[in-house]
Amino acid sequence: MSKIRATITAVGGYVPEYILTNQELEKLVDTTSDWILSRTGIKERRILKGEGQGTSVMGVKAIENLLQKRGISPLEIDMVIVGTVTPDMVFPSTANVICDKIGATNAWGYDINAACSGFLFSLATASKFIEAGTHKKIIVVGADKMSSIINYQDRTTCVIFGDGAGAVLLEPTTEDFGIMDSILKSDGSGRQFLFQKAGGSMYPPTQETIAKKEHYVFQDGQPVFKAAVTNMSQVAADIMERNHLTANDVTWLVPHQANKRIIDATASRMGVGSDKIMMNIEKYGNTTSGTIPLLLWDYEKQIKKGDNLILAAFGGGFTWGSIYIKWGY
Ligand code: UT7
């Protein structure tokens, strides 16, 4: 019997309307548009405004876009996995909320917290349920409302992050397409460089944690940058080698959008030219779990059946990884 693989059969995305420009940030913190652009590659990012508007709002819109494109009903969905560090609430999971909101009453699911690698970890997990033959249609969402945990008085983080959501549908195939391989890594000793200190069980919310601004993202940029360059490029090179892919065989590098300089370093290590790099950091910034599915959404029309895509990410945790996809449509 031929091997069952999980293949992406549809992509959806959503970014909020509000555009936070570098010029607006110049008025909030001591920064310049030139600094932001030259150090990160970001021009603007999207922000989800409005009371009671959580990550699920964007996830739902991305899924509705996907279902409409694929022409299927939410009742056909078996499972929803959501990569996010900004769930609507601590519990229940945003996947549960999304299933209810879209009417996916036959689905079950859960959230995966792997910071900026959240979408890759979720995609790899979902692919195993397809390969096992137990699930036929799984939606994988990468969504984050980073503006809910960003201090807009901290210039080291507020210039980087934005809000957005992307979603893909995974279905089985016995053809030689789909998710071909994945390498995923984590190293908890990196947790000191990128984290949100309070709000969990170690430091539950108090007036003091709020006064000390501990419910916001803390990032020590330099060590994260160095670890990102080293590990993201290494894991992308490893997956190419393991699958006997040369730079010529790679059609697209689909990298997490944290910093244009990290992306360029990864591409250079892989030997991949800039024409093969998917990039949208200039308009969305770093949407954490949202970056990679939003790239697939933005570039969908340019991807052809049989194209070799190398997805790669690095993020808080530390977490990192790479997935090799042979595009199926
Ligand atoms: O997605 C999850 C994983 N995250 C990442 O991969 C992010 C990795 N890190 C980075 O992308 C970069 O480290 C940052 C973009 C966060 C910072 O860029 P950098 O080139 O590493 O800057 P730096 O932290 O070394 O700071 C250089 C200078 C400092 O000033 P002094 O000490 O040289 O006087 C900072 O205070 O730039 C200053 N600075 C800023 N200046 C203007 C830091 N942020 C800003 C700012 N505007 N927004």
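Predicted model only: the values in this text are computed from it and were never measured. Within each chain, residue numbers correspond to sequence positions counted from 1 in written order. Owing to the predicted nature of the model, reporting of local features is limited to residues with pLDDT of at least 70; listing and counting of side-chain atom pairs is limited to 80 or more, with chain, interface and lining totals taken over all residues. The side-chain quantities take in all heavy atoms of the structure and omit both hydrogens and water.

(A) Seen up close, the overall build of the protein chain. In this text, helices come from DSSP runs of H or I with a minimum length of four residues, and strands from runs of E with a minimum of two, each type numbered from the N-terminal end. In terms of regular secondary structure, the protein chain is built from 11 helices and 13 strands. Taking 2.2 N^0.38 as the reference for a compact globule, 329 residues should give roughly 20 Å; the C-alpha atoms of the protein chain span a radius of gyration of 19 Å, in line with that estimate. Across its three principal axes, the protein chain shows a C-alpha extent of roughly 60 × 45 × 35 Å. The cut-offs for exposure are 20% and 50% of the maximum accessible area for each residue type, with area from a 1.4 Å probe on protein chains only; residues under the lower value are buried, those over the upper are exposed, and the others partly exposed. When burial is assessed residue by residue, the protein chain has 56% of its 329 residues classed as buried. In this description, contact between two residues means that some pair of their heavy atoms is separated by no more than 4.5 Å. Taking the intrachain contacts of the protein chain between residues at least 6 apart in sequence as the baseline, contacts between residues at least 24 apart amount to 76%. In this treatment the radius of gyration is a C-alpha quantity, and the globule benchmark scales as 2.2 Å times the residue count to the 0.38 power.

(B) Just the site of the ligand, in detail. Nearness of a residue to a molecule or strand requires only that one of the residue's heavy atoms be within 4 Å of it. In the vicinity of the ligand there are 23 residues, among which Thr31, Arg39, Gln222, Asn259 and Asn286 approach most closely. For the ligand, the accessible surface in isolation is 940 Å², of which the surrounding protein chains cover 73%. Among the detected pockets, the ligand sits in the second largest pocket. Taken together, the elements giving at least two residues each to the shell around the ligand come down to α2 (33–40), α8 (221–242), α9 (260–270) and β12 (308–315). No other element matches α8, which puts 4 residues into the shell around the ligand. For the shell around the ligand, the residue count by class is 10 nonpolar, 9 polar and 4 charged. Residue assignment places the shell around the ligand across two domains, with domain 1 (5–175) and domain 2 (180–326) each supplying three or more. Note that accessible areas follow from Shrake-Rupley with a 1.4 Å probe, and for residues the cover is restricted to the protein chains shown. The definitions used throughout rest on a 1 Å grid laid over the protein atoms alone, on which a cavity is an enclosed set of points accommodating a 1.4 Å probe that cannot get out and a pocket is an open set flanked by protein within 12 Å on both sides along at least five of seven lines; lining residues are those having an atom within 4 Å of a point. Whether a molecule sits in a cavity or pocket is decided by its atoms, more than half of which must lie within 2 Å of the grid points. Each residue is assigned to one class: nonpolar for Ala, Val, Leu, Ile, Met, Phe, Trp, Tyr, Cys and Pro, charged for Asp, Glu, Lys and Arg, and polar for all the others, Gly among them. Note that the domain bounds reflect an automated or database-derived domain assignment.

(C) The nonpolar core, seen in detail. Throughout this description, the term nonpolar core refers to a set of buried Ala, Val, Leu, Ile, Met, Phe, Trp, Tyr and Cys residues connected via side-chain atoms within 4.5 Å. Residues Leu123, Leu170, Leu296 and Leu309 are the most contacted members of the largest nonpolar core, which totals 75 residues. Top contributing element to this core by residue count: α8, with 8 residues. Shared between two domains, this core takes at least three residues from each, and those domains are domain 1 (5–175) and domain 2 (180–326). Setting aside chain neighbours within four positions, we find leucine 309 in contact with Trp252, Val254, Met278, Leu296, Ile303, Ile323, Tyr324, Ile325 and Trp327. Listed in part, the 26 residues of the second largest apolar core include Leu48, Ile63, Ala104 and Ala107.

(D) The domain arrangement of the protein chain, seen in detail. Per the domain assignment, the segments making up the protein chain are domain 1 (5–175) and domain 2 (180–326). One C-alpha centre belongs to domain 1, the other to domain 2, and the line joining them spans 14 Å. Summing both partners gives a buried area of about 3,700 Å² for domain 1 against domain 2, and 62% of it is carried by carbon and sulfur. A quick way to say it: buried area is the sum, across both parts, of accessible area lost when two parts are put together, with a 1.4 Å probe. On the domain 1 side of the contact with domain 2, Cys116, Leu120 and Ile149 bury the most area, a combined 17% of that side's loss. What makes a salt bridge here is a side-chain nitrogen of Lys or Arg within 4 Å of a carboxyl oxygen of Asp or Glu, nothing more. If you look at where domain 1 meets domain 2, you find 1 salt bridge. A salt bridge links lysine 69 to glutamate 300; the nearest nitrogen and oxygen atoms lie 2.6 Å apart. N or O atoms closer than or at 3.5 Å make up a polar contact, with two conditions inside protein: a donor-capable atom paired with an acceptor-capable one, and, for residues adjacent in sequence, both atoms drawn from side chains. Applying the counting criterion to the domain 1 and domain 2 interface returns 17 residue pairs in polar contact (both at pLDDT 80 or more). Grouping the constituent residues of the side of domain 1 that touches domain 2 by class yields 23 nonpolar, 18 polar and 11 charged.

(E) Local environment of the state of the cysteines. To count as a disulfide, a pair of cysteine sulfur atoms needs to be within 2.5 Å. All chains considered together, the criterion is met by 0 disulfides. Cysteine 158 forms no disulfide, and the closest cysteine sulfur to it belongs to cysteine 116, at a distance of 16 Å. Exposure remark for cysteine 158: the relative accessible area of 0% places this residue in the buried category.

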